[in-house]
Amino acid sequence: MLFNSYVFLFGFLPLALAGYYVMTAFGPRVSALWLILISFVFYGWWNPQFLILFAVSIIFNYTASEGIARLEARPRAQTLALCLAIAANVGALIYYKYLEAIIRCLTGLGLVHGPVVSIALPLGISFFTFTQIGYLIDKKDGLVKERGLFHYILFVSFFPHLIAGPILHNREMMPQLVQPKTYRFSAENLAVGFAIFGFGLVKKTLFADTMLDSVRAGFGHPGTASFNTAWVAVLSYALQIYFDFSGYSDMAIGLARMFNIRFPMNFNSPYKAASVIELWQRWHMTLSRYLALYVYNPLALAVTRGRASRNLAIGRFAQATPGGFASMVVLPTMITMAIAGLWHGAGLQYLIFGLIHGVYLSINHAIRILRPRRADGGEGWLTHPVKVFFTFAATLLGLVFFRSSSVGAALQLLGGMIGLHGFDGLMLPGAVLAHLGDLRVSLLHSGLVQPTSAVGFINAAGGLSWIILLYVIVWCFPNTQQIMYRFEPTLGRVQAGPFAAYLSWRPNLIWAAAAGAALCLGVLAIGGTSEFLYFQF
Amino acid sequence: MSLGLDTLRAEPAATPRLPPPVERTATRDALANPADRGAASLSAADERERVARRYLAAFATAFVAFFGLVWIYTALMPMAFLTRDYPVWIAKRSLLSSCDLGSASFFGDSRAMAGMDPRALPFPSSNFALSGSSPIESYFVVKRALLCAHRPKVVVIAYSSGKFIEDDDFWNISARVGILNYADIRDVQRKSAALHDDEIEALRPSDHLAPSVRAALFALRFPPFYFDSLVNGYVAGRYMHNRAAERQVLADRGHAFFGTAPGSDAVAAEALLTFKASPLIDAYFTATLSALAHDKIPVVLMSLPINDATCKLMNPALRAGVARYLASVVAAHPGTRIAGPAMPCWPDRLFGDAFHLNAAGAAAYTRLVDHWLQPEINPVTGSSRVVER
C-alpha cells in the first residue's frame, strides 16, 4: 500500500488511527498489538504471500538474536552464530533481489543456459533485512537493552518505516515502544504528524510526480536526447528523486508521530551540501549511518589493526601518505560505497553510482587532509555557493547512472549532455517570430530558434518555470524539519531554517488553514497514483 | 577518519526524549486570545492538548472545505478545464439527444472523426466517432441512438486496428469526459469479470480501488482524477476555447480535425502492433452489430487509411489479421458488410499527423464514403461497384 494512495489515505489511515486511539483505553499492550496487526495488514496488502517470508524473517532473527545473547560467555561461538545469522539474511536478500540479475548476467556471458526464472521482489526486503542485521550485531555487542519479542516485532514491522525506511536503530526505537506514554492519545502529536505528513504528500504528488514526463523524455530515449532534453531530464530527475525521497521520509516521520513515535531525520536538504561528505550526511541519513556503523567502521578498524600488526603508522599523519591514505581511507570508502550502490539495485549502473561517490568522498577526504580548514573556520562569501554548485554538479553525474536503465544508456545521456546528439532550438511562438523581420529567417535557418504555437510556448515556458521554482524551494526555503523545528519533528536536534519568523509551524488557525489546503492539494495531485522511487530498493 | 558520517555515528546513542517538550510558543498563541485566558490555570500539558485539538478541528475543516469546493467546481464546470474531448462529446451528445442522426450515422475513433465529413456528403449524416474510443464506447452511444424514433438508413463503424486490441483510453477519456456513465462503466466491469478479461481494470492497477468505487468516483467527478486537467487547463483557461470547439463540432455535425499539417511522415502505432482481438472489445462489438441487426439497420464496416510512412514499417500480418477478423464478424451478422480494403495505405501528404487525415485527405475519403454508401442511401439507383466483401 502506498502512502499516497486513496486506499491508504481514506481507508487504512483513518481506520488505523481510530483503532489505535480506541485501543489505548485497553492499555499499552493492546495498543501495541493493534499496531502490529495493522502493520501486517499494510505489508500484506500488496502481496499477501510475502507476509510469510516477513514473519519467518522476524522469528528467525529474533531467535538468532536470543541465541547470540546466550553465547555471551563463548565469544568465538557467538561470533560464528552472528556470522551465520547475517549470512542467512544476506542470502535471502541475494536470492530475492540479486539472483535474477546475476543469472541474467551469467546467461548473457554464455556461462549459464536455459530460461531465466523471474523472482518477485518482496516489498521493503532491503529495509527490514538491514534493520534486523543491525539488531543482531548490536545484540552481540551487548548494546540491546529491550529484548522482548513483542516489542521486537513492533520495532521491525511498524508500518511507517516498513517498506522504504528510514532504517531504524533499536536504541532509538525500543525505548519509545516500551513507554506507556506512547500508547496514549496526544492531540499535539497528531497535529504535528498531520502537518509533516501533508508536507510530504505535497512534495511527492505535486513536486516529484510532475517531473515524470521530462525525466522520461531524456532517460527514455538517451540515444537521441538533444543537449536541451538531456539537461532538462537530468535536472528534473534531480528534483524528482529529491522530492520523492524527501516526501516519503516526511510522510513516514509524520505517520509515526501520529502514533506518538519519533523517527530519526532521514533527509536534510542534501542539495544545500557544500561537499560530498556533507551530502552523505544529509542524504538518506539513516542508510549513511547504518553503513558507517556496520560496514565502514569495522572495515576501517580492520585495516588499522592490520597496519598496526605490520608496524605501519596509523595516526593522522599516516593518512597523509599515499599508502596510508589508500589503505585507511580509499579502501574502506570504496568498498562501503560499492555496497551502498548495489543496495539500491542489481545493476552495474548502481555499482558505478556507488563507486563514483566513493571517488568523490576519497577526493573530499584528501582535500581535508592536505588543506585543513582555516583557523577562523570561515570561508569567503562566494566560496560557499560555489562549493554547493560543484557538489550539486557532481551529484548530477552520479544521478545519471542511478536513473539510467544501463551503463550504456547513462553514457549515451551524458553524450547528449555535452551536445553529441545536437541542440534543440529555442521555441518561440510564430507571432513573436513575425516581428523579427529578416532576423527570423536566419534564426530559423541556423536552428537556434524553432517556431511553435502560443500554447506550445506557454506550456514549455511553464514547464521550465516550474523547474526553476522547485530549485528555488530546494535552495532557498527551509525544509520540513526546519519548519517544524519548534515541535521536535525528529529525534535529535533540529535547527531553525531560513525565514524562521514566518515559516515555522505553530498550532494556530493560519497554519491550520495552510496545512488543510496543502493536504488538499497533495490529495488532489495524487491523480494517477505512482510508485515511490525508493520502493524498488 | 570516516566516511564523512562522523556526526551521524553518535546519533543512535542519543536517548530519545519522550514526550516532545513543552512548546511555549504554542501555548502563547492560544493565550493570545482573551477568551482563552481563563484556561491559564490548566497545566501546560493540558493547555497544549487543548490548543492542538482546536488546531486539528480547524485543520480538518479547512481540508474538507477546500476539497469540497474543488469537487463542486470539477462537477459543475468541466467545460472550463477539460481537454477538447469534452466539448466534442457534448456537441455529439446534443446531436444524439435531439435525435439528429441523419441518413447515415458514423461511429468510430478519432480517425473516423477526422476522415468522414458529413458536410461534404450529399445526404444528411452525423459523425458520432469519438477520440480514444473503441467498440466498447460505440456500443453505449449506439444504444442511445437506437432510442430515437427516426433511425438512420445506415450505420458506419470504422475503428483503427489497435482499437480492437485494447481500449487504452477507457478511463482517461471515456470515463473522465463522461461518455460512459456509472451504469455503463459497471456494465463493462461486470462483462469484463464474466469474460475473465481484466484489461480495463489493469489500466489503473495502482489506485487499488474496488471497481464499483472507481466507477462511482468517475461518475461523481472525483477531483483527483481531474487534477492534471485543472493544472494544464489553468483551472478555467480552456473555457472559451472549449465553447468554440463545441459550437464548431455541432456546426460540422460531429466532424473535427486533429493534425492539420499539409502532410505527415510520422509513424503511427500500427508499426508496432500485432493483431489479437480483445475478448471484451469483441463482445461489445458483436453486441453492437446484433443490436443494429435486431433493429434492421444495415451496417457498413470501414477501415480508415494509414500513411505510407507507417505502412512501410507495419507487419503485413496486422492487416491480414484485421481483415480476417472483420470478415468473421460480418459472416456472423446479417445486414453487415465491409466497404473498402482493410487499412489502405495513402500518401503522407494526405495526413495532418501520424494518425489522422488532413483536410485534403478527409475530402478524398469522404468522397469514397459517399460511393460506398450508395446501396443503402439510394437503394434503387445506388451502385454497389465498389463494395468489397
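Residues numbered from 1 in each chain as written. Chains lettered and ligands numbered in written order. Predicted model: local features only at pLDDT ≥ 70, side-chain atom pairs only at ≥ 80, totals over all residues.

This part takes up the overall build of chain A. The helix and strand tally for chain A stands at 23 helices and two strands. For chain A, the residues scored as buried account for 45% of the 537 residues in total. Counted over contacts in chain A with a minimum sequence separation of 6, partners at least 24 positions apart contribute 69%. (Helix = DSSP H or I, 4+ residues; strand = E, 2+ residues; numbered from the N terminus. Buried ≥ 20, exposed ≤ 12 C-beta atoms within 10 Å, placed from the backbone. Contact = placed C-beta atoms within 7 Å.)

The subject of this paragraph is the overall build of chain B. For chain B, the helix and strand inventory stands at 17 helices and seven strands. Buried positions account for 45% of the 389 residues belonging to chain B. Pairs at least 24 residues apart make up 79% of the contacts formed inside chain B by residues separated by at least 6 positions.

Phi angles above zero are rare outside glycine, and Asn311(A) is one such case at about 60°. Among the structural elements, Asn311(A) can be located in the loop between α13 (285-309) and α14 (316-319).

Next up on the list: the environment of Ala366(A). Structurally, Ala366(A) can be placed in helix α16 (residues 348-370). A residue is classified by how many C-beta atoms lie within 10 Å of it, and Ala366(A), with 15 of them, is partly exposed.

A few words on the pairing of strand β1 (residues 104-108) of chain B. Residue and element names in this part refer to chain B. Most of β1 sits out of view: five of its five residues are buried. A two-sided burial pattern is seen for β1, the buried positions comprising Ala104, Phe106 and Gly108 on one face and Ser105 and Phe107 on the other. As for the winding sense of the linkage, the β-α-β connection from β1 through helix α6 (residues 110-115) to strand β2 (residues 125-127) is right-handed. Where β1 and strand β3 (residues 154-158) come together, five bridges link them in parallel fashion. Across the sheet, residue Phe106 finds its bridge partner in β3, namely Val156. (Right-handed = clockwise from strand over helix to strand, strands pointing away. Pairing = 2+ DSSP bridges.)

Residue and element names in this part refer to chain B. By the alternation rule, side chains of strand β4 (residues 299-302) split into Val299 and Leu301 and Val300 and Met302, which are all buried. Relative to β4, β3 is paired through four bridges, and the arrangement is parallel. Bridging across to β4, Val155 finds its partner in Val299.

The element helix α9 (residues 170-177) of chain B is extensively covered by neighbouring structure, given that seven of its eight residues are classed as buried. At the exit of α9(B) stands Gly178(B), carrying a positive phi of roughly 100°.

Before going further, it helps to examine the domain arrangement of chain B. Where the parts come together, the accessible area they lose is often given as the size of the interface. Under the domain assignment used here, chain B contains domain 1 (24-69) and domain 2 (82-377). Inter-centroid distance (C-alpha atoms) of domain 1 of chain B to domain 2 of chain B is 56 Å. (Domains from an automatic or database assignment.)

So, on to the sheet that holds β2(B). Residue and element names in this part refer to chain B. Spatially, β2-β1-β3-β4-β6 is the arrangement adopted by the five strands of the open sheet, whose pairing is parallel. At either end of the open sheet lies a strand with only one pairing partner, and these are β2 and β6 (336-338). Mean inter-strand twist for the sheet, computed between neighbouring axes without regard to direction, equals 20°. Of the strands in this sheet, β4 and β6 touch helix α16 (residues 316-332), which is tilted by about 155° from β6. (Axes fitted to C-alpha atoms, helices over the stretch in contact; angles between N-to-C directions.)

A separate point is helix α6 (residues 149-157) of chain A. Three or more residues of α6(A) are buried, namely Tyr152(A), Ile153(A), Leu154(A), Phe155(A), Val156(A) and Ser157(A). Residues of α6(A) that are buried make contact with α2 (28-46), α3 (50-70), α5 (125-140), α7 (159-162) and α8 (170-178) of chain A.

With that settled, consider the environment of Gly419(A). All names here are of chain A. The topology assignment puts Gly419 in the loop between α18 (407-417) and β1 (426-429). Classification of Gly419 as partly exposed rests on a count of 13 C-beta atoms within 10 Å. For the pair formed by Gly419 and Ala454, sequence separation is 35 residues and the distance between their alpha carbons is 27 Å.

On to the environment of Phe499(A), then. Looking at where Phe499(A) falls in the secondary structure, it is placed in the loop between α22 (480-483) and α23 (509-524). Residue classification places Phe499(A) among the partly exposed positions, given that 13 C-beta atoms sit within 10 Å.

Right, let's talk about the confidence of the model for chain A for a bit. With 96% of its residues at a pLDDT of 70 or more, chain A has an overall mean of 88. The low-confidence segment residues 528-537 of chain A (pLDDT under 50) makes 25 contacts with residues lying over four places distant or belonging to another chain. (pLDDT = per-residue confidence, 0-100.)

All names here are of chain B. When the pLDDT values of chain B are averaged, the result is 86; 86% of them are 70 or greater. Ignoring residues within four places in sequence, the model shows residues 384-389, a span with pLDDT below 50, making 13 contacts including any to other chains. Across the interfaces of the predicted complex, the ipTM metric reaches 0.84, alongside a pTM of 0.84.

On to the packing of helix α9 (residues 187-208) of chain A against α23(A), then. Residues and elements named next belong to chain A. Put simply, α9 and α23 touch, their axes get as near as 8 Å, and they point 35° apart. The handedness of the crossing between α9 and α23 is left-handed. The residues of α23 that touch α9, namely those facing Phe194, Ala195, Gly198, Phe199, Leu201, Val202, Thr205 and Leu206, are Ala515, Ala518, Leu519, Leu521 and Gly522. Residues belonging to the contact of α9 with α23 are distributed by class as follows: 10 nonpolar, three polar and no charged. (Left-handed = near helix turned anticlockwise from the far one by under 90°. Nonpolar A, V, L, I, M, F, W, Y, C, P; charged D, E, K, R; others polar.)

Moving on to the packing of helix α11 (residues 227-258) of chain A against α18(A). All names here are of chain A. In the contact formed by α11 and α18, the axes pass within 7 Å of each other and the chain directions differ by 115°. Relative to α18, α11 is oriented so that their crossing is left-handed. Here Phe227, Thr229, Ala230, Trp231 and Val234 of α11 lie close against α18, whose contacting residues are Leu413, Gly416 and Met417.

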